[in-house]
Amino acid sequence: MKKIFKIWALVAVLVLSLCPTFAIATSTATTLEDIFIGEYDSGDLSGFAHIVFGTISDMDAEYGIVLTDVEEGKSYAFKGKSIGDDGKFGIAVYDMPMGKEFKAKVYSGNPVTGVFGEEVSFVTGDENTCNELSFSYVDNGDNTLTVTLTISGDTVRYAGIQGTITFDDSVLTFVSSKRLSYHSGSKPNADGNIIYFGFAGEEDVLEEEDVLSLTFSYTGSVDTSLDLFIEELYSCPDDPMDDYIDQEYTIRGCSIVIE
């Protein structure tokens, strides 16, 4: 199974080629247009990654990439650690937040004042997605909010799902839960700050579906998040005599801000 968590500042560096060194009088940096999005195993790290490729001419200068979150306007620099003799390199950033627009550019010398390549825009997770689990929430206006967990994607296929949702009980108070899936299963229940849920059926879900909803109460402003952990997500086998089939999935985090 593929599990994607909130922390995405994990970096792997690729050496693309080893060619004879050449000299260029003026320092340059170039960002390649194609950005790899998908599963990648660097040997040290593995998982769902976005890889930005580029070239620089000054082999003695610091180099790397800068990613800018278009919506929030925040930029993040990732320093390169290994490069080919022709100045080509790639940097893989793992577990970025999904469905967000970023701009990427290569830098040489300094991530703030150095030489930069052209900016390349991309949307994280912009490939065929399978069983994408995401949260949405609504402020009910009475010091309660309702959170809905939805499964969607280009491909949806599952017959059973089991997991937990953890919340900060110093900010939110659990009020109630509701099972939205047509699959059988007990009502999601809370034990302290952990909510347990599990549903199963004899047929696969093959289209977007709301899985469950949770209602919380709060006092004052809210700035918190929910953490989803999936223990199992599986589909029915083609042959009823075979075992269930583990399915891949991705998780989009849930940040809740109410002022």
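Residues numbered from 1 in each chain as written. Predicted model: local features only at pLDDT ≥ 70, side-chain atom pairs only at ≥ 80, totals over all residues. Heavy atoms only, no water.

1. Considerations on the overall build of the chain
Within the chain one finds 0 helices and 21 strands. Counting over 259 residues, the chain shows a buried share of 44%. Within the chain, residue pairs in contact and separated by at least 24 positions form 73% of the contacts whose partners lie at least 6 positions apart. By element, 46% of the accessible surface of the chain is carried by carbon and sulfur atoms, the whole surface being about 13,300 Å². (Helix = DSSP H or I, 4+ residues; strand = E, 2+ residues; numbered from the N terminus. Buried < 20%, exposed > 50% of the residue type's maximum accessible area, 1.4 Å probe, protein only. Contact = heavy atoms within 4.5 Å. Areas by Shrake-Rupley, 256 points an atom, 1.4 Å probe, with all protein chains shown as cover.)

2. Let's talk about the pattern of salt bridges
Under the defined criterion, the tally for this structure stands at 4 salt bridges. A salt bridge links aspartate 204 to arginine 157; the shortest N-O distance between them is 3.0 Å. With aspartate 204 in strand β16 (residues 194-205) and arginine 157 in the loop between β12 (144-152) and β13 (158-166), the pair connects residues that are 47 residues apart, well separated along the chain. Aspartate 204 sits in the buried class, given a relative accessible area of 19%. Taken together, the shared-partner salt bridges connect Asp69, Glu72 and Lys100 into one network. (Salt bridge = Lys/Arg side-chain N within 4 Å of Asp/Glu carboxyl O.)

3. Section: the pairing of β13
Within β13, 7 of the 9 residues are buried, which leaves the element mostly enclosed by the surrounding structure. Where β13 and β16 come together, 8 bridges link them in antiparallel fashion. Note that in β16 the partner of isoleucine 165 across the bridge is isoleucine 195. Across 7 bridges, the pairing between β13 and strand β18 (residues 222-235) is antiparallel. Considered in β18, the bridge of threonine 164 is made with phenylalanine 229. (Pairing = 2+ DSSP bridges.)

4. Brief notes about the packing of aromatic side chains
Summed over the entire model, instances satisfying the criterion amount to 6 aromatic pairs. Each ring, one from tyrosine 63 and one from phenylalanine 89, has its centre 4.8 Å from the other, and the planes form 55°; the classification is tilted. With tyrosine 63 in strand β5 (residues 63-69) and phenylalanine 89 in strand β7 (residues 88-94), the pair connects residues that are 26 residues apart, well separated along the chain. Across this residue pair, the class does not change: tyrosine 63 and phenylalanine 89 are buried. One aromatic cluster is present, built from ring pairs that chain together Phe167, Phe174 and Phe216. Taking the ring centre of phenylalanine 116 as reference, the NZ or CZ of lysine 105 above it sits at 4.2 Å. (Phe/Tyr/Trp six-rings, centres within 6.5 Å; stacked < 30°, edge-to-face > 60°. Lys NZ or Arg CZ within 6 Å of the ring centre and 35° of its normal.)

5. A short note on the pairing of β5
Summarising burial for β5: 7 of the 7 residues are buried, a large majority. By the alternation rule, side chains of β5 split into Tyr63, Ile65, Leu67 and Asp69 and Gly64, Val66 and Thr68, which are all buried. Relative to strand β8 (residues 101-108), β5 is paired through 7 bridges, and the arrangement is antiparallel. Across the sheet, the residue bridging to tyrosine 63 is serine 108, located in β8. Here β5 runs beside strand β6 (residues 75-79); their pairing, made up of 5 bridges, is antiparallel. Considered in β6, the bridge of isoleucine 65 is made with phenylalanine 78. Linking two consecutive strands that pair antiparallel, namely β5 and β6, is a turn of 5 residues; a positive phi of about 75° is found at glycine 73 within it.

6. Regarding the sheet that holds strand β17 (residues 209-217)
Strand order in the open sheet made by the 5 strands is β14-β17-β12-β11-β20, with mixed pairing throughout. On the outer flanks of this sheet lie β14 (173-179) and β20 (250-251), each paired with one strand and no other. Across 8 bridges, β12 lies against β17 in antiparallel orientation. Of the residues in β17, the one forming a bridge with threonine 150 is aspartate 210.

By themselves, these observations are geometric and do not establish any function.
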